[in-house]
Amino acid sequence: MRYEIRVDGEMSDELTTAFPELDTFVAPCQTVLYGKVDDEAHLYGLLIRFQSLGLRVAEFRRLPE
């Protein structure tokens, strides 16, 4: 499954390295991360990582295959 995660604000390079399995780009007022999520455990792990880094997830959506 592929997902797109939008985070409020522009993430620093240091913060994006906390998500090596995802590609990133900056959109107006947001950082977009996208890539393959292996399973439900990986999905919840990502959410916990965002929360522990103090990042606000604005949108989290599954992409069509």
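For the structure, see preceding data.
Report follows, based on the coordinates. Residue indices follow the written sequence of each chain, beginning from 1 at its first position. Restriction of local features to residues with pLDDT of at least 70 applies here, the model being predicted, together with a cutoff of 80 or more for giving and counting side-chain atom pairs; totals for whole chains, interfaces and linings are based on all residues. To obtain the side-chain values, all non-hydrogen atoms of the structure were used and water was disregarded.

1. What about the overall build of the protein chain?
Counting from the N terminus, the helices are the DSSP runs of H or I reaching at least four residues and the strands are the DSSP runs of E reaching at least two. Assigned secondary structure in the protein chain consists of two helices and four strands. Along the protein chain, helices and strands appear, N-terminal first, in the series β-α-β-β-α-β. Projected onto the principal axes, the alpha-carbon positions of the protein chain cover approximately 25 × 25 × 20 Å. Three exposure classes are used, based on accessible area relative to the maximum for each residue type with a 1.4 Å probe and protein chains only: buried under 20%, partly exposed in between, and exposed over 50%. A buried classification covers 32% of the 65 residues belonging to the protein chain. Counting only contacts in the protein chain whose residues sit at least 6 apart along the sequence, the fraction spanning at least 24 positions is 63%. Counting every atom, the protein chain has about 4,200 Å² of accessible surface; 51% of that belongs to carbon and sulfur. Under the convention used here, Asp and Glu are negative, Lys and Arg are positive, and both His and the chain ends fall outside the count. By convention, the point assigned to a charge is CZ for Arg, NZ for Lys, CD for Glu and CG for Asp. The centroid of the 7 positive side-chain charges in the protein chain is displaced by 5 Å from the centroid of its 12 negative side-chain charges. Two residues qualify as a contact provided that any one of their heavy atoms is within 4.5 Å of a heavy atom in the partner residue. For every accessible area listed, the method is Shrake-Rupley and the probe measures 1.4 Å; residues are considered covered only by the protein chains on display.

2. Regarding the side chain of Glu 4
Tracing the backbone through its elements, the reader meets Glu 4 in strand 1 (residues 2–8). Take Glu 4: its relative accessible area is 10%, and that puts it in the buried class. Identification of polar contacts relies on pairs of N or O atoms within 3.5 Å, with a donor-acceptor requirement for protein atoms, meaning one able to donate a hydrogen and the other able to accept it, and with residues adjacent in sequence counted only if both atoms are side-chain atoms. A distance of 3.0 Å separates a polar atom in the side chain of Glu 4 from a polar atom in the side chain of Arg 6. Among all residues touching Glu 4, those that are not within four sequence positions of it are Val 32, Leu 33, Tyr 34, Glu 59, Phe 60, Arg 61 and Leu 63.

3. A look at the nonpolar core
Proteins that are soluble and globular tend to have nonpolar side chains buried together. In this structure, Tyr 3, Ile 5, Val 7, Met 11, Phe 19, Leu 22, Leu 33, Val 37, Leu 43, Leu 46, Phe 50 and Leu 55 together form the largest nonpolar core, which totals 12 residues. Of all the secondary-structure elements, those providing two or more residues to this core are strand 1 and helix 2 (40–52). Non-local contacts of Leu 55, meaning those with residues more than four positions away in its chain, are made with Val 7, Met 11, Leu 15, Phe 19 and Phe 50. Here, the term nonpolar core denotes a set of buried Ala, Val, Leu, Ile, Met, Phe, Trp, Tyr and Cys residues that are joined through side-chain atoms within 4.5 Å.

4. Comments concerning helix 2
Take the number of residues in a helix, subtract one, and multiply by 1.5 Å to get its expected span. Taking 1.5 Å as the rise per residue, helix 2 with 13 residues should run 18 Å; its terminal C-alpha atoms sit 18 Å apart, in good agreement. When we look at burial in helix 2, the residues that qualify are His 42, Leu 43, Leu 46 and Phe 50. Viewed along the axis of helix 2, the buried residues span an arc of 105°, placing them on a single side of the element. Exposed residues lying more than 90 degrees from the buried face of helix 2 are Glu 40, Ala 41, Ile 48, Gln 51 and Ser 52. Summarising the contacts, the buried residues of helix 2 are in contact with strand 1, strand 3 (30–36) and strand 4 (57–63). Capping the start of helix 2, Asp 39 holds a side-chain oxygen 3.2 Å from the backbone nitrogen of Ala 41, two or three residues further along. Directly beyond the C-terminal end of helix 2, a positive phi value near 75° is found at Gly 54. The arc under discussion is defined with respect to the helix axis, by the directions toward the C-beta atoms.

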